[in-house]
Amino acid sequence: MSALLQRRGLLFWLATSSVSAQSWPARPLRLVVPYVAGGASDVAARLLAPELQRRLGQPVSVDNQPGADGNIGSAEVASATDGHTLLMGSVGTHVINPLLSRRLPYDPVKDFAPLCLVATVPLVLVMNPAVAQALGVRKLADLVHAATAQPGRLHIASGGNGNPSHLAGELFKRLTQTYMLHFPYRSTVSAQQDVIAGNMDLMFDTLPGALPQIRAGKLLALGVTSARRSPSMPELPTVEEAGGPALKGYEASAWIGLFAPSSQPAEQLARLQRDSVAALAGSGLRERLTSRGMLVHGSGSASFAALIAAETEKWARVVQVSGVKVDR
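Residues numbered from 1 in each chain as written. Predicted model: local features only at pLDDT ≥ 70, side-chain atom pairs only at ≥ 80, totals over all residues. Heavy atoms only, no water.

Novice: Tell me about the packing of helix H2 (residues 40–56) against helix H12 (residues 283–290), and name the residues and values.
Specialist: Look at H2 against H12: their axes get within 10 Å of each other, and the N-to-C directions meet at 170°. With respect to H12, the element H2 is oriented roughly antiparallel. Of the residues in H12, those touching H2 at Ala44, Leu47, Leu48 and Glu51 are Leu285, Arg288 and Leu289. Residue classes in the contact of H2 with H12 are distributed as five nonpolar, no polar and two charged. (Axes fitted to C-alpha atoms, helices over the stretch in contact; angles between N-to-C directions. Helix = DSSP H or I, 4+ residues; strand = E, 2+ residues; numbered from the N terminus. Parallel < 35°, antiparallel > 145°, perpendicular 65-115°, else oblique. Contact = heavy atoms within 4.5 Å. Nonpolar A, V, L, I, M, F, W, Y, C, P; charged D, E, K, R; others polar.)

Dropping the structure here:
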């Protein structure tokens, strides 16, 4: 009799678990973007949300929770227990911030389940056109020559200490053995404005953010930081292509990916992964992201986790050599 009761109990548990899995999501989902509206993470989230909504059968709203270079919004998702909160994370939230901060309010590995690598966001090395003309810089090799000949003459802006635009510049300086004065801004938008105004000489900007200014002739593009050329500017060489032997292997793209709290049930995580990968495989979403300068991936959890590990190792070396420190 006891064995029969145990068997019935097991069957009841399996049945209710199946119903629970099938009924999820039970209400609207919230996709947290830990940055201000208008950036690459925000754009990607707002394009992905309707596709996830169509597949999950529940509304997916985008919620911007900026602060501390993504730490505030990320910490909020890490502690979420409602089963309906996701994060549009980035190389900043899951690689760079953990390398730079002694007081990170979340564990990027233990607290999150990586679901899907959405896209990489190339940076682009841009100069003020008037400065470039004065220095005789028409291509990236000319810039390296000018920086080598006049150490400290050039002023390089970034979106802030520890920002991907900063570390891209540090990697560039390390490989070319050049010295340029670094000026951190509160955002890449602010840094870009000062490069356009001539207050700064150059910077590594996000390609989606710089593209309109490049096309308008307000910025001179010298190279894109991705491993391959961008479909949105196929005529622009990569930094590796244009930089010669010193820059062989240079790659410094930012990336954007979908995460969930690691405490979420496995069957829900599996569904989120399947649906996000399927959404990015569709030509419509892929084309919309590509047109904004992003390189779409749509790879699943295992390869995404491997990328995070490889990126952590790469940027740890850059942080160590450059001595970058941020107390946040």
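Novice: With reference to specific residues and values, describe the sheet that holds strand S10 (residues 254–261).
Specialist: Backbone-to-backbone hydrogen bonds pair the strands of a sheet. The strands run either parallel or antiparallel. Across the sheet, which stays open at both edges, the six strands sit in the order S2-S1-S3-S10-S4-S11 with mixed pairing between neighbours. Bordering the open sheet on either side are strand S2 (60–64) and strand S11 (295–299), each of which pairs with just one other strand. Going across the sheet, the axis of each strand differs from the next one's by a mean of 25°, ignoring polarity. Here strand S1 (residues 29–33) runs beside strand S3 (residues 85–90); their pairing, made up of three bridges, is parallel. Looking at S3, one finds that valine 32 is bridged to leucine 87. Across the sheet, H2 is in contact with S1, S2, S3, strand S4 (112–121) and S10; its angle to S2 comes to roughly 160°. Of the strands in this sheet, S4, S10 and S11 are in contact with helix H13 (residues 301–322), which crosses S4 at around 75°. (Pairing = 2+ DSSP bridges.)

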